[in-house]
Amino acid sequence: MQSYFGGVWKDHNFEGYEHSGYQVVEHVNAQNPSSVLDVGCGYNRFRDLIPGLIGIDPYNSEAHLRLSLEDYYAYDFPPADIALCLGSINFGDEETIDSQIKMLDKLWLKECIFRVNPGIAHDWAEYEDIVWYQWTKEKINSIAVTYNYNLECLEEEISPQGHLRYYFRYTK
């Protein structure tokens with residue numbers, strides 16, 4: 001993952017997402033949050049656009065904190081009003097995803113916004129042995145039930161490379 005996300009992967013087409021690109025800025029700012037956590041922020045594109053945002057990413061030096069979700073969670077920081085997970089909760093098996101969702105539950109108070117990949121490998125680049133979790137609409141709904149979240153929206157969107165992604169928002 002380090003060599004892929006630390007050098008191969010680029011988000012050149014970030015603005016190409018119908019729901020989860022720069023449109024997120026207006027949605028988040030309209031809520032006037034006091035704090036926003038961007039998990040797996042990559043190049044931290046929202047850094048200067050969303051007040052109170054802290055971007056974490058274990059692989060990208062543009063992050064405010066170069067930490068994984070697991071490391072950030074271990075520090076016991078206070079929860080943010082809103083968490084963004086726009087492509088970061090996509091890797092590993094069911095147990096890994098469930099563990100990350102459990103951690104995330106303690107890290108946001110009002111809303112958590114996701115873009116996830118239904119297991120489609122990035123076929124435009126070599127990606128070592130990365131395991132892509134196969135997100136389903138059933139899994140997204142199951143998490144809402146398990147944690148008593150409101151599933152505010154669930155949309156399909158197509159990545160700039162032509163691959164299906166799910167965009168959804170949970171509220172507490």
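Residues numbered from 1 in each chain as written. Predicted model: local features only at pLDDT ≥ 70, side-chain atom pairs only at ≥ 80, totals over all residues. Heavy atoms only, no water.

**Q** Describe the packing of helix H4 (residues 94-105) against helix H5 (residues 137-147), naming the residues involved and giving the relevant values.
**A** Packing of H4 against H5 brings their axes to within 12 Å, and their N-to-C directions diverge by 45 degrees. As the angle between them shows, H4 and H5 are arranged oblique. For the crossing formed where H4 meets H5, the hand is right-handed. Residue-level inspection shows Glu94, Ile97, Asp98, Ile101, Lys102 and Asp105 of H4 in contact with H5, the latter providing Lys139, Ile143 and Tyr147. Residues that form the contact of H4 with H5 fall into these classes: 4 nonpolar, no polar and 5 charged. (Axes fitted to C-alpha atoms, helices over the stretch in contact; angles between N-to-C directions. Helix = DSSP H or I, 4+ residues; strand = E, 2+ residues; numbered from the N terminus. Parallel < 35°, antiparallel > 145°, perpendicular 65-115°, else oblique. Left-handed = near helix turned anticlockwise from the far one by under 90°. Contact = heavy atoms within 4.5 Å. Nonpolar A, V, L, I, M, F, W, Y, C, P; charged D, E, K, R; others polar.)

**Q** Lay out the pairing of strand E3 (residues 80-86) with the relevant residues and their values.
**A** A large share of E3 lies buried, amounting to 7 of its 7 residues. Sheet topology places strand E1 (residues 36-39) next to E3; 3 bridges connect them, and they run parallel. From the neighbouring strand, leucine 37 faces E3, where its bridge partner is alanine 83. Sheet analysis places E3 next to strand E4 (residues 108-116), joined by 6 bridges and oriented parallel. Across the sheet, alanine 83 pairs through a bridge with cysteine 112, a residue of E4. (Buried < 20%, exposed > 50% of the residue type's maximum accessible area, 1.4 Å probe, protein only. Pairing = 2+ DSSP bridges.)

**Q** Account for the pattern of salt bridges, naming residues and giving values.
**A** Tallying each qualifying case throughout the model produces 7 salt bridges. Measuring nitrogen to oxygen at the nearest pair gives 2.8 Å for the salt bridge that ties glutamate 94 to lysine 139. With a gap of 45 residues between them, glutamate 94 in helix H4 and lysine 139 in helix H5 connect regions that are remote in the sequence. With a relative accessible area of 11%, lysine 139 lands in the buried category. Lysine 106 is paired through a salt bridge with aspartate 105; the nearest N and O atoms lie 3.8 Å apart. Looking at aspartate 105, the relative accessible area reads 15%, which means it is buried. (Salt bridge = Lys/Arg side-chain N within 4 Å of Asp/Glu carboxyl O.)

**Q** Describe H4, and please don't skip the residues or the numbers.
**A** Helix length check: H4, at 12 residues, gives a terminal C-alpha distance of 16 Å against a target of 16 Å (1.5 Å per residue), a fit within 8%. Among all positions of H4, only Ile97, Gln100, Ile101, Met103, Leu104 and Asp105 are buried. Where H4 is buried, its residues contact E1, helix H3 (69-74), E3, E4 and H5. (Expected span 1.5 Å × (residues − 1).)

**Q** Kindly report on the side chain of serine 159, identifying the contributing residues and their values.
**A** Looking at the element boundaries, serine 159 is found in the loop between strand E5 (150-158) and strand E6 (164-171). For serine 159, a relative accessible area of 4% puts it in the buried group. Discounting chain neighbours no more than four positions away, the residues touching serine 159 are Tyr17 and Arg165.

**Q** Could you give me a rundown of the nonpolar core, with the residues and numbers involved?
**A** Membership of the largest hydrophobic core comes to 28 residues, with the highest contact counts inside it found for Ile89, Leu104, Phe114, Trp135 and Tyr170. Residue assignment for this core shows that the elements contributing at least two residues are E1, H3, E3, H4, E4, H5 and E6. Ignoring sequence-local partners within four residues, the contact set of phenylalanine 114 consists of Cys85, Leu86, Ile89, Ile101, Leu104, Tyr166, Tyr167, Phe168 and Tyr170. Core analysis: the second largest hydrophobic core is formed by 13 residues, Val28, Val36, Ile50 and Cys153 among them. (Core = buried A, V, L, I, M, F, W, Y, C linked by side-chain atoms within 4.5 Å.)

**Q** A description of the state of the cysteines should follow, citing residues and the corresponding values.
**A** Evaluated as defined, the whole model comprises 0 disulfides. With no disulfide of its own, cysteine 112 lies closest to cysteine 85 among cysteine sulfurs, the gap being 4.0 Å. (Disulfide = S-S within 2.5 Å.)

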